[in-house]
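Results of the structural survey
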Amino acid sequence: AWTSFLFVSVDVKASRRYLDIAEAARAEIAPGPVADRSELFWDTMCCSVLVFEGEIEAALAMAERTARIAAGVPPAECHAQSVRDAVCCQLLLGRPHEALALATRSDPIRSNFGTLDYHVALAQVAVGDIEGAKPLLQRLAHRSASGRTRMEAGTMLLVLAELARAEGDLDTARRLLL
């Protein structure tokens, strides 16, 4: 399943094949705590594949269900990723108010792999609260420029492109993305 997650943004068909292989292996796990955690990881991986396959509503339903089940269950990464996925799905579906409410209600998440800060910033921009987003955007820009976290600068670039688009500066948005 982790291999599927690693492939999902590069080759969705390969990712789906890896999920099928993992599904066969999952059937061999004996019932109990390991199987329960395996189910949470499985749902988290499936959600990401569904997003890249364009099945946003299905991904949202899975992310919300997984987030509810995973809340308070160690390790916290399944819950954190499920919340991030659900916020992203709400944004992709054009529901920025719901995305912002979920991100605000869920923050801070316990995760070794990031926060909801970028999601909150995108949702604030999407609802038109650009002034409210600026302090967070400034913190994120400083953190991204430090280079301490891998790929954070690229994520910040996408957020800044969305900010430029929201402010009506399509030329800057295009330049940031190209």
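See the structure above.
For the structure given in this document, a descriptive report is provided here.

Cut-offs applied
- Residues numbered from 1 in each chain as written.
- Predicted model: local features only at pLDDT ≥ 70, side-chain atom pairs only at ≥ 80, totals over all residues.
- Heavy atoms only, no water.
- Axes fitted to C-alpha atoms, helices over the stretch in contact; angles between N-to-C directions.
- Helix = DSSP H or I, 4+ residues; strand = E, 2+ residues; numbered from the N terminus.
- Parallel < 35°, antiparallel > 145°, perpendicular 65-115°, else oblique.
- Left-handed = near helix turned anticlockwise from the far one by under 90°.
- Contact = heavy atoms within 4.5 Å.
- Nonpolar A, V, L, I, M, F, W, Y, C, P; charged D, E, K, R; others polar.

**What about the packing of helix 5 (residues 77-92) against helix 6 (residues 96-106)?**
- Relative to each other, helix 5 and helix 6 sit at 160°, their axes nearing to 7 Å. Our classification of the angle between helix 5 and helix 6 gives roughly antiparallel. In the crossing of helix 5 with helix 6, the sense of the turn from one axis to the other is left-handed. Along the contact surface, helix 5 presents Val 83, Ala 86, Val 87, Gln 90 and Leu 91, while helix 6 presents Pro 96, Glu 98, Ala 99, Leu 102, Ala 103 and Ser 106.
- The residue makeup of the contact of helix 5 with helix 6, split by class, is eight nonpolar, two polar and one charged.

**Describing the packing of helix 8 (residues 130-146) against helix 9 (residues 152-166)**
- Helix 9 packs onto helix 8 with a crossing angle of 155° between their chain directions and a minimal axis gap of 10 Å. The angle between helix 8 and helix 9 places the two elements in the roughly antiparallel class. Every pair of crossing elements has a handedness; the one defined by helix 8 and helix 9 is left-handed. Along its contact with helix 8, which presents Ile 130, Leu 137, Leu 140, Ala 141, Arg 143 and Ser 144, the element helix 9 presents Glu 152, Ala 153, Met 156, Val 159, Leu 163 and Ala 166.
- Class assignment of the residues belonging to the contact of helix 8 with helix 9 gives a composition of nine nonpolar, one polar and two charged.

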